[in-house]
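Analysis of the macromolecular model
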Amino acid sequence: MTEYDYDLFVIGGGSGGVRAGRVAASLGKRVAVAEEYRFGGTCVIRGCVPKKLFVYASQYNEHFEDAAGYGWAVGESSFDWNKLTAAKDKEIGRLEGLYRKGLENNGAEIIASRAELMGPHTIRIINTGRTVTAEKIIIATGGTPNPHASLPGHEFCISSNEAFDLPELPRSILIAGGGYIAVEFANIFHGLGVETTLIYRGKEILSRFDQDMRQGLHTAMIEKGIRIILTDVIEEVTKAVAGGLSVKTMSGETLAADTVMLALGRDPNTLGLGLEAAGVQLDQRGAIVVDKYSRTNVPNIFALGDVTNRVQLTPVAIHEAMCFIETEYKNNPTAPDHDLIATAVFSQPEVGTVGLSEEEAAKRYPELEIYRSEFRPMKATLSGRSEKMIMKLVVDTASRKVVGTHILGQDAGEMAQLMGISLKAGVTKDDFDRTMAIHPTASEELVTMYSPSYRLKNGDRVRD
Ligand code: NDP
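Quantities reported herein were computed from a predicted structural model and do not represent experimental measurements.

Before going further, it helps to examine the nonpolar core. Of all hydrophobic cores here, the largest spans 37 residues; its most connected members are Phe189, Leu198 and Met221. Elements with a contribution of two residues or more to this core: helix H3 (48–67), helix H4 (81–105), strand E8 (172–176), helix H6 (180–191), helix H7 (211–224) and strand E17 (343–345). If you tally residues by element for this core, the top one is H6, at six residues. Residues in contact with Leu198, not counting those within four places in the same chain, are Ile175, Gly177, Ala182, Val183, Ala186, Ile205, Met221, Arg227, Ile228 and Ile229. Listed in part, the 23 residues of the second largest apolar core include Tyr6, Ile125, Val132 and Val307.

Moving on, we come to the packing of H3 against H6. Relative orientation and spacing of two packed helices are given, respectively, by the angle between their axes and the distance between those axes. Taken N-terminus to C-terminus, the directions of H3 and H6 make an angle of 40°; their axes are 8 Å apart at the nearest point. Between H3 and H6, the interaxial angle falls into the category oblique. The hand of the H3/H6 crossing is left-handed. Of the residues in H6, those in contact with Lys51, Phe54, Val55, Ser58 and Asn61 of H3 are Glu184, Asn187, Ile188 and Gly191. Its residues assigned to classes, the contact of H3 with H6 shows three nonpolar, four polar and two charged.

This part is about the site of the ligand. Taken together, 19 residues sit near the ligand, with Ile181, Ser207, Arg208, Gln312 and Ala344 positioned nearest. Between Gln312 and the ligand, the recorded distance is 2.7 Å, taken from a backbone N or O atom to an oxygen atom. Against a free-state accessible area of 910 Å², the protein chains account for coverage of 78% of the ligand. It is H6 that provides the largest number of residues to the shell around the ligand, a total of three residues. Within the shell around the ligand, the residues separate by chemical class into nine nonpolar, five polar and five charged.

Further remarks concern the packing of aromatic side chains. On inspection of all chains with the given rule, the structure shows nine aromatic pairs. Judged by centre distance (5.4 Å) and plane angle (65°), the ring pair of Phe54 and Trp81 falls under edge-to-face. Residue Phe54 is found in helix H3, and its partner Trp81 is found in helix H4; the two are separated by 27 residues along the sequence. Relative to Phe209, the ring of Tyr180 lies with its centre 5.7 Å away and its plane at 75°, an arrangement referred to as edge-to-face. With Tyr180 in helix H6 and Phe209 in the loop between strand E9 (195–199) and H7, this residue pair connects regions lying 29 residues apart in the sequence. The exposure class of Tyr180 is partly exposed, given its relative accessible area of 25%. Among the aromatic side chains, those forming a connected cluster through ring pairs are Phe54, Trp81, Phe164, Phe185 and Phe189. Against the face of Tyr371 rests Lys429, its NZ or CZ located 4.2 Å from the ring centre. Looking at Arg461, its charged tip hangs above the ring of Tyr454, at a distance of 3.6 Å from the centre.

Scoring rules and cut-offs
Residues numbered from 1 in each chain as written. Predicted model: local features only at pLDDT ≥ 70, side-chain atom pairs only at ≥ 80, totals over all residues. Heavy atoms only, no water. Core = buried A, V, L, I, M, F, W, Y, C linked by side-chain atoms within 4.5 Å. Buried < 20%, exposed > 50% of the residue type's maximum accessible area, 1.4 Å probe, protein only. Helix = DSSP H or I, 4+ residues; strand = E, 2+ residues; numbered from the N terminus. Contact = heavy atoms within 4.5 Å. Axes fitted to C-alpha atoms, helices over the stretch in contact; angles between N-to-C directions. Parallel < 35°, antiparallel > 145°, perpendicular 65-115°, else oblique. Left-handed = near helix turned anticlockwise from the far one by under 90°. Nonpolar A, V, L, I, M, F, W, Y, C, P; charged D, E, K, R; others polar. Near = heavy atom within 4 Å. Polar contact = N/O pair within 3.5 Å; in protein donor to acceptor, adjacent residues only side chain to side chain. Areas by Shrake-Rupley, 256 points an atom, 1.4 Å probe, with all protein chains shown as cover. Phe/Tyr/Trp six-rings, centres within 6.5 Å; stacked < 30°, edge-to-face > 60°. Lys NZ or Arg CZ within 6 Å of the ring centre and 35° of its normal.

The following block contains the structure:
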């Protein structure tokens, strides 16, 4: 028996914390997981899961329109926001139950309270005032939306947290930001019939993605009727006399909207956790600094997921948790692998990507071959929809390795997941060429682009 109350104490019941706690408990460790809000974390409660449900909901309008080209006459349709949010709440309740059950069934103790550190091995349970000790501690408290507190009127704005539970659907919304959340919610709200405007400070949305994906999605969103304002930011938000909000932008424009949503990144959730008392080091953005094994500067305290601000994605937090288990409880030091992470933006159309954008690859490789195809997917022929798909392979000429794959179009996320396996395995363009196509699919395009669309030498396009 150790001198501590627990072998492992986890603060934060999200994807990373629950995984680490559940697996550690299944190995016979004495584990407690403290969560102040709801189990499941951002992803389950107010992130990936409800977002994807809302994406599905927002696509029906187009499905109804497309049906006509296929011979269907669809009757009058209507949408009920409260029905959607109630159904979403039920599903989230079910998932939260599964998270709790997973912990309980493996013998972990659930503590429904905020927990704060008092020292390297000591934790205070806020609801009861009880103080407990643990041999190892994991901080997995995730992140929170950047409130943009310097913006006059930011208190009138919502973040993604509130967007899931608005009492009623606004007639119009202005969304600030050009990243995952801004782009996904712009498409969701537009699909649900809300007049939608997106305002972004940069020259093109989705700054960390391949230029073709950025431009292709931008074009598709505008064609749907979403207004996109670039190189501008909100300067002030005030309540309008006639109701709703009035927004002044840096370029001097005045915009009116029922709701203003800020999607300007997420900050690590480290305030008031007692990290100073335990001596845990933070970086300038307030993220917990960890080594390659997710260990903080205090040897028995670890941190996983968004609170470390490495890569803010659920599967990454889960992977980091599994690496912690291998390293600490299976005597198999395993560092999380953050290379070649496939990712998707659930915009409409979706963006699915793995590896380097053309622009990033051009900085790393002297010679590249770019294979690019833009086409109308088969489904859009009879429906008459103008939507285009874009597929792109970035190939290092010297090694023939595919260093980036980018897909814009329906189910791009599903395709990117599978492409992730190939790229991880070090696939070459010749492997793509040797792969038989499945006809008729959209993804067959990925294995039938035989000649480069263009080549790059030291970052510049060259003619053959
Ligand atoms: P992102 O980092 O994706 O985007 C933040 C956006 O806000 C960027 O466009 C950024 O501009 C802009 N921005 C930041 N600060 C300011 C400022 N002061 N003024 C104006 N604009 C600003 O963050 P999100 O909030 O969209 O999402 C948070 C994270 O959650 C993502 O990074 C992602 O990892 C994760 N996520 C993943 C999803 C998925 O996997 N599908 C879905 C949703 C979230 P710039 O680009 O110029 O820096």
